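Descriptive structure summary
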Amino acid sequence: MTVSIEHVKQISDIAAKTPAKAVDAYKTVLSKTDASDLPARELALVKLGELFAAQKDLAGLTALVQSSRQLLLDIGKAKAAKIVKTLIDLFSIIPGALDTQVKICKEFIEWAVAEKRIYLKQSLETRLAALYLDNKMYADSLSLLASLNKELKRLDDKSVLMEVQLLESRVHHATRNLPKARAALTSARTSANSIYCPPLMQAMLDQQSGILHAEEKDYKTAYSYFYEALEGFSNQDDSRAVLALKYLLLCKIMLNLPDDVFSIINSKMAQKYAGADIEAMKAVATAHQNRSLLEFEQSMNKFKNELRNDPIINAHLDELYDSLLQQNLLRVIEPFSRVEIAHVAQLVKLSTQQVEMKLSQMILDKVFHGILDQGAGCLVIFDDPEVDKTYEAALETIKQMGNVVESLYEKAAVLN
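A short tour of the structure in this document, coming up. Just so we're clear, the structure is a prediction, and the values are computed from it rather than from any experiment. (Residues numbered from 1 in each chain as written. Predicted model: local features only at pLDDT ≥ 70, side-chain atom pairs only at ≥ 80, totals over all residues. Heavy atoms only, no water.)

1. Quick notes on the pairing of strand 3 (residues 378-381)
Put simply, the rule reads: To sort residues, take the accessible area from a 1.4 Å probe on protein chains only and compare it with the maximum for the residue type: under 20% means buried, over 50% means exposed, and anything in between is partly exposed. The secondary structure listing takes helices from DSSP runs of H or I that are at least 4 residues long and strands from runs of E that are at least 2 residues long, numbered from the N terminus. Note on pairing: two strands pair once DSSP finds at least 2 bridges between them.
Every second residue of strand 3 is oriented toward a common face, with Cys 378 and Val 380 on one face and Leu 379 and Ile 381 on the other, all of them buried. Pairing of strand 1 (residues 338-340) with strand 3, which is carried by 3 bridges, proceeds in the antiparallel orientation. Residue pairing for strand 3: Arg 338 is matched across the bridge by Val 380. As defined by bridge partners, strand 2 (residues 370-373) adjoins strand 3 across 4 bridges and the pair is classed as antiparallel. In the strand pairing of strand 3, Leu 372 is matched with Leu 379. Hairpin remark: strand 2 followed by strand 3, antiparallel, with 4 residues in the connecting loop; positive phi at Gly 377, about 70 degrees.

In structure tokens, the structure reads:
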């Protein structure tokens with residue numbers, strides 16, 4: 001008897017109440033061999049994978065993916081490639097499945113090469129490079145991307161090439177090689193301009209541009225890119241919109257505009273993304289507005305997962321904390337010419353060791369003039385020395401004399 005797509009959809013309805021029964025029903029559909037059952041089997045394969053992922057059943061999902069190859073041979077190449085990518089992406093839902101995901105991806109790349117499915121091979125190699133990035137295997141990711149780049153340029157496949165170049169930019173950014181990250185992003189934008197760029201890919205390009213501009217402390221430009229990325233992700237109902245909104249709020253905090261953060265959070269677009277991530281940025285903005293190091297540290301501890309576990313947010317907030325600490329220390333020591341370090345630490349509500357380290361760094365950076373008397377546990381502050389302009393004037397005179405001598409030589413040469 002032929003199995004219809006409607007029958008598979010009915011199984012999906014019972015999956016929430018009786019998942020075990022739904023698994024057996026899906027497997028029954030997949031066991032069919034009639035050609036007319038192919039559309040239903042395709043849908044059952046994806047739905048069963050989604051059910052295993054929702055149940056966090058790593059073994060079940062692995063077995064399903066490995067046993068699906070015969071079915072994939074019966075499906076058209078383009079559709080099969082889409083199903084394979086969907087199934088491999090489902091591993092991301094299961095915690096601790098990254099190693100298995102890499103293994104399955106490698107197995108399917110070998111299968112794609114054996115079956116001469118070049119497009120699938122390229123798509124899976126791109127996905128594998130992204131998995132290497134998630135696993136912090138940067139050298140493996142760059143090596144794979146370099147060979148892909150060469151192959152795609154030869155085939156002139158701009159759509160996949162654009163994705164590869166964007167990924168390359170992300171890997172270089174993760175390794176702190178910013179010049180190469182910018183170059184790869186420029187190449188990706190050039191590829192995007194020569195073909196139709198899907199809205200999601202455009203949003204990803206904008207987000208990466210914002211991240212690189214933020215690294216250069218150009219937060220105004222970064223804000224514009226993050227806003228474009230937020231609109232792009234939001235229009236496609238993509239979960240990455242929350243991340244774009246977080247980075248957008250970070251730019252406003254770094255620009256010393258905490259009031260704007262609150263108005264953006266209360267806007268209609270941001271309301272639907274309300275949650276722990278946005279509350280974390282709100283807490284940081286409040287601490288920054290109050291110039292309170294204690295509130296800043298409390299927000300960092302309270303929202304550790306949302307702030308510390310995001311490397312981009314974490315790096316910029318460390319810089320913000322450093323700036324905030326410096327401003328607080330300068331304000332505290334301003335009335336003194338000699339003050340106990342313990343007293344300064346008490347005023348800023350931090351440990352003596354932390355304050356001592358920061359003060360020594362500020363002295364070395366010539367933020368103010370002074371010395372640390374560690375024997376007495378005191379900070380001695382000097383008045384700013386008057387700058388002697390004699391040397392600058394002497395150098396300027398010598399420079400002008402050099403210009404005069406050069407012009408005399410030129411005139412002498414004309415007369416001869």
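2. Description of the sheet that holds strand 3
The test is simple: Angles shown run from 0 to 180 degrees and are taken between the N-to-C directions of axes, each axis being a line fitted to C-alpha atoms and, for helices, limited to the stretch in contact. Any two residues having at least one pair of non-hydrogen atoms within 4.5 Å are treated as being in contact.
Spatially, 3 strands are ordered 1-3-2 in an open sheet, and the strand pairing comes out antiparallel. The open sheet has two edge strands, strand 1 and strand 2, and neither has a second partner. Averaged over all neighbouring strand pairs, the angle between strand axes comes to 20 degrees, with direction disregarded. Contacting strand 1, strand 2 and strand 3, helix 21 (residues 341-348) runs over the sheet at an angle of about 70 degrees to strand 1.

3. Details of the side chain of Asn 314
We apply this condition: Here a polar contact is taken to be a pair of N or O atoms separated by no more than 3.5 Å, where protein atoms must pair a possible hydrogen donor with a possible acceptor and residues adjacent in sequence count only if both atoms sit in side chains.
Here Asn 314 is to be found in helix 20 (residues 311-333). The exposure class assigned to Asn 314 is buried, which follows from its relative accessible area of 18%. Side-chain polar atoms of Asn 314 contact the side chain of Arg 308, separated by 2.3 Å. Setting aside residues up to four positions removed in sequence, Asn 314 forms contacts with Met 300, Leu 307 and Arg 308.

4. Comments concerning the nonpolar core
Which entries qualify depends on this criterion: Take the buried residues of types Ala, Val, Leu, Ile, Met, Phe, Trp, Tyr and Cys, join any two whose side-chain atoms come within 4.5 Å, and each joined set is a nonpolar core.
Within the largest apolar cluster, 60 residues are counted, with the highest numbers of intra-cluster contacts made by Leu 245, Leu 249, Phe 296, Leu 307, Leu 317, Val 355 and Leu 379. A per-element tally of this core places helix 14 (residues 241-254) first, with 11 residues. Not counting chain neighbours up to four residues away, the residues in contact with Leu 307 comprise Ala 280, Met 281, Val 284, Ser 299, Met 300, Ile 313, Asn 314 and Leu 317. Core analysis: the second largest hydrophobic core is formed by 56 residues, Ala 15, Ile 88, Ala 129 and Leu 145 among them.

5. Concerning the environment of Gln 374
By the secondary structure assignment, Gln 374 is in the loop between strand 2 and strand 3. Spatially, the C-alpha atoms of Gln 374 and Val 84 are 65 Å apart, while their sequence positions differ by 290 residues. In this structure the side chain of Gln 374 is engaged in a polar contact, spanning 2.6 Å, whose partner is the side chain of Glu 356.

6. Observations concerning the environment of Ala 184
Checked against the element boundaries, Ala 184 lands in helix 11 (residues 178-193). We classify Ala 184 as buried; its relative accessible area is 6%. Residues Ala 184 and Arg 240 lie 56 residues apart in sequence; the distance between their C-alpha atoms is 22 Å.

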